[in-house]
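Residue-level structure breakdown
Here's the letter readout for the chains.
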Amino acid sequence: ERRCKGVAQARAIFKRGRQSSHANTWELFVDAAMREYICNKEERTCRNIFDKGLKSFGSEIQFVLKYLDFVTTTNDDINTRVIFEKVLSDDNGLSSQHALLVWNKFLEFEYSRGNLSAMHKVEKRRAMAYPDQHCHTGLAQLARRCRFHHLWPCGPAELSLLGIDQDSTGGSSGASVEVVKKNG
């Protein structure tokens, strides 16, 4: 009820929540950040809250993905790349499986907004971090670059030949990119 009473009251609740051992969760930070952005039109304050939350919840994949979803909508590509780099740094504490989700999201970001050089750099770094997961080669790589959400530049038969399972690639987030293993 109090958070409906205005900006000052909502900020006071956030402050109290941060000080509580029970309420200090990643959800509290996401809620406060998005409230600042949507209700108060305070992008800077929103970023500051997310940055503060990243220090405490950098290993919580749900928080990281919410932060990345927000930052990719701001059309600030340079700072978005900085956040990706910060999240993928070794000292962030993400598990290998969760880091792979972030790498895939980073690739999707570069595919939609980056130039060819930026795409190559991220593809190469992802391949070095996950050599057994390297699925972005040759024509399959080109098909992924030219994809828009669920629209592919070729049909299901061609995707199958390229080793791409169209059904498991999800929406536009690329967080669940998988490759069909071929026998042989």
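Residues numbered from 1 in each chain as written. Predicted model: local features only at pLDDT ≥ 70, side-chain atom pairs only at ≥ 80, totals over all residues. Heavy atoms only, no water.

1. A short note on the confidence of the model for the protein chain
In this model, the protein chain carries a mean pLDDT of 82, and residues with pLDDT of at least 70 account for 85%. Confidence, read as mean pLDDT per element, is least for helix 8 (residues 138-146) in the protein chain (76) and greatest for helix 4 (residues 61-72) (95). Considering only residues more than four positions removed or in separate chains, one finds that residues 170-184, a stretch of pLDDT under 50, has 35 contacts. (pLDDT = per-residue confidence, 0-100. Helix = DSSP H or I, 4+ residues; strand = E, 2+ residues; numbered from the N terminus. Contact = heavy atoms within 4.5 Å.)

2. Section: the pattern of salt bridges
One pass over the structure, following the stated rule, counts nine salt bridges. In this structure, Lys105 engages Asp69 in a salt bridge whose closest nitrogen and oxygen atoms are separated by 2.7 Å. One end of the pair, Lys105, is in helix 6 (residues 96-113); the other, Asp69, is in helix 4, and 36 residues separate them in sequence. Between Arg81 and Glu110 there is a salt bridge, and its shortest N-O distance comes to 2.6 Å. (Salt bridge = Lys/Arg side-chain N within 4 Å of Asp/Glu carboxyl O.)

3. Brief notes about the nonpolar core
Within the largest apolar cluster, 35 residues are counted, with the highest numbers of intra-cluster contacts made by Phe50, Phe63, Tyr67 and Val102. Listed by contribution, the elements that provide at least two residues to this core are helix 2 (26-38), helix 3 (43-57), helix 4, helix 5 (77-88), helix 6 and helix 7 (116-129). Per element, the largest residue contribution to this core is eight residues, and it comes from helix 6. In terms of nonpolar packing, the next biggest core, distinct from the first, is built from five residues, Ala140, Ala143, Leu159 and Ile164 among them. (Core = buried A, V, L, I, M, F, W, Y, C linked by side-chain atoms within 4.5 Å. Buried < 20%, exposed > 50% of the residue type's maximum accessible area, 1.4 Å probe, protein only.)

4. A short note on the packing of aromatic side chains
Aromatic ring pairs are described here by two measures, namely the spacing of the ring centres and the angle between the planes. All told, the structure shown has 11 aromatic pairs when counted by the stated rule. Between Phe14 and Phe29, the aromatic rings sit 5.2 Å apart at their centres with planes inclined by 85°, giving edge-to-face as the arrangement. Of this pair, Phe14 sits in helix 1 (residues 7-19) while Phe29 sits in helix 2; the two residues are 15 residues apart in sequence, bridging distant segments of the chain. Across the pair, Phe29 and Phe14 agree in class, each one buried. (Phe/Tyr/Trp six-rings, centres within 6.5 Å; stacked < 30°, edge-to-face > 60°.)

5. Notes on the packing of helix 2 against helix 3
As a packed pair, helix 2 and helix 3 sit with axes 7 Å apart at the nearest point and diverge in direction by 170°. In terms of axis orientation, helix 2 runs roughly antiparallel to helix 3. In contact with Trp26, Phe29, Val30, Ala32, Ala33, Met34, Glu36 and Tyr37 of helix 2, helix 3 contributes Glu43, Thr45, Cys46, Ile49, Phe50, Lys52, Gly53 and Phe57. Residue composition of the contact of helix 2 with helix 3, by class: 11 nonpolar, two polar and three charged. (Axes fitted to C-alpha atoms, helices over the stretch in contact; angles between N-to-C directions. Parallel < 35°, antiparallel > 145°, perpendicular 65-115°, else oblique. Nonpolar A, V, L, I, M, F, W, Y, C, P; charged D, E, K, R; others polar.)

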